[in-house]
Amino acid sequence: MDTYELIRYIGGAKKKTPVKLYIKENAPIDYGEAQVFGAGDKIVFGDWAALSPILEANQSAIASIVIENDCRNSAIPLLDVKNLHARIEPGAIIREHVQIGDNAIILMGAILNIGASVGEGSMIDMGAILGGRAAVGAHCHIGAGAVLAGVIEPASAQPVVIEDGVLIGANAVILEGVRVGKNSVVAAGSVVLADVPENVVVGGVPARILKTKDAKTASKTELLEALRQL
């Protein structure tokens with residue numbers, strides 16, 4: 001999906017506030033189109049806009065209630081990851097219309113926004129953020145806390161592109177429109193404002209080329225295939 005397709009999708013999506021109710025009833029309650037589980041104490045799944053007036057009208061029939069919810073007027077559901085041939089660890093937040101390649105690894109606390117893509121065998125480390133439409137190639141490592149800036153708005157902005165074999169160090173920031181060339185390394189804590197050529201090491205704020213990637217650097221930044229086996 002290009003930027004304008006994503007904008008139309010988000011703008012046209014029905015905004016929802018999904019809730020989960022744990023409820024003890026004094027008398028039966030009709031929950032409308034919500035999903036209801038249990039014959040005594042009940043668990044109810046539905047949208048707050050529909051359930052709120054039902055609860056208000058049936059206060060005398062409610063012995064006790066606990067309401068759980070984690071968003072408000074959300075436009076984009078989370079990606080269904082059950083059938084992905086990838087490893088997705090608890091706490092990762094992956095929005096719909098994200099593409100994840102085979103044997104990719106998404107670790108705890110990573111956030112992947114709508115339109116982002118992750119190539120085969122790439123690892124998105126803990127707490128890393130892939131903004132809207134950010135593209136990560138195959139066999140990359142995006143370090144813990146790194147940020148690949150998103151570009152849903154403005155629509156004319158170009159996305160971050162990380163080519164194959166790149167290592168992005170922890171807490172590095174790659175600004176919108178930047179392309180990092182194949183097999184390059186971005187040092188931890190760097191802020192990358194301009195394109196990075198292939199097979200170099202960059203670092204600093206703003207990042208600059210430190211050296212050409214050599215055998216010593218390659219050995220220190222080698223990705224381990226054993227971590228990517230399912």
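Before reading further, recall that the structure is shown in the block above.
In short, a report on the structure. (Residues numbered from 1 in each chain as written. Predicted model: local features only at pLDDT ≥ 70, side-chain atom pairs only at ≥ 80, totals over all residues. Heavy atoms only, no water.)

A separate point is the sheet that holds strand β2 (residues 35-37). Read across the open sheet, the four strands follow the order β2-β3-β1-β4; overall the sheet is antiparallel. Sheet topology places β2 and β4 (62-68) at the edges, where each strand pairs with a single neighbour. Direction aside, the axes of adjacent strands within the sheet are offset by 20 degrees on average. Judged from the six bridges that link them, strand β1 (residues 18-25) and β4 form a sheet pairing that is antiparallel. Pairing of lysine 24 across the sheet is with serine 64, part of β4. Packed on one face of the sheet, helix α2 (residues 48-57) meets β1, β3 (42-47) and β4 and runs near 125 degrees to β3. (Pairing = 2+ DSSP bridges. Helix = DSSP H or I, 4+ residues; strand = E, 2+ residues; numbered from the N terminus. Axes fitted to C-alpha atoms, helices over the stretch in contact; angles between N-to-C directions. Contact = heavy atoms within 4.5 Å.)

The parallel open sheet is built from five strands, whose spatial order is β7-β10-β13-β16-β19. Taken across any chain shown, the strands that pair with only one partner, and hence form the sheet edges, are β7 (99-100) and β19 (179-180). Note that β7 and strand β10 (residues 117-118) share two bridges and pair parallel. When the sheet's bridge partners are listed, isoleucine 100 is paired in β10 with valine 118.

This brings us to unusual backbone geometry. Of note, the amide linkage connecting valine 205 to proline 206 takes the cis form, showing an omega dihedral of -5 degrees. Tracing the chain through its elements places proline 206 in the loop between β22 (200-203) and β23 (208-212). Positioned with a positive phi, histidine 97 is a non-glycine residue whose angle comes to about 65 degrees. Position of histidine 97 relative to the elements: it lies in the loop between β6 (93-94) and β7. One non-glycine residue, asparagine 171, adopts positive backbone phi at about 65 degrees. Within the element layout of this structure, asparagine 171 appears in the loop between β17 (167-168) and β18 (173-174).

Time to look at the pattern of salt bridges. By the definition in use, this model includes six salt bridges. The partner of aspartate 41 in a salt bridge is lysine 24, and the shortest N-O contact between them spans 2.7 Å. Of this pair, aspartate 41 sits in the loop between β2 and β3 while lysine 24 sits in strand β1, and the two are 17 residues apart along the sequence. Between arginine 179 and glutamate 163 there is a salt bridge whose closest N-O contact spans 3.0 Å. Residue arginine 179 is found in strand β19, and its partner glutamate 163 is found in the loop between β16 (161-162) and β17; the two are separated by 16 residues along the sequence. We classify arginine 179 as partly exposed; its relative accessible area is 38%. Given the relative accessible area of 18%, glutamate 163 is considered buried. (Salt bridge = Lys/Arg side-chain N within 4 Å of Asp/Glu carboxyl O. Buried < 20%, exposed > 50% of the residue type's maximum accessible area, 1.4 Å probe, protein only.)

In short, shape yes, function no, at least from these values alone.
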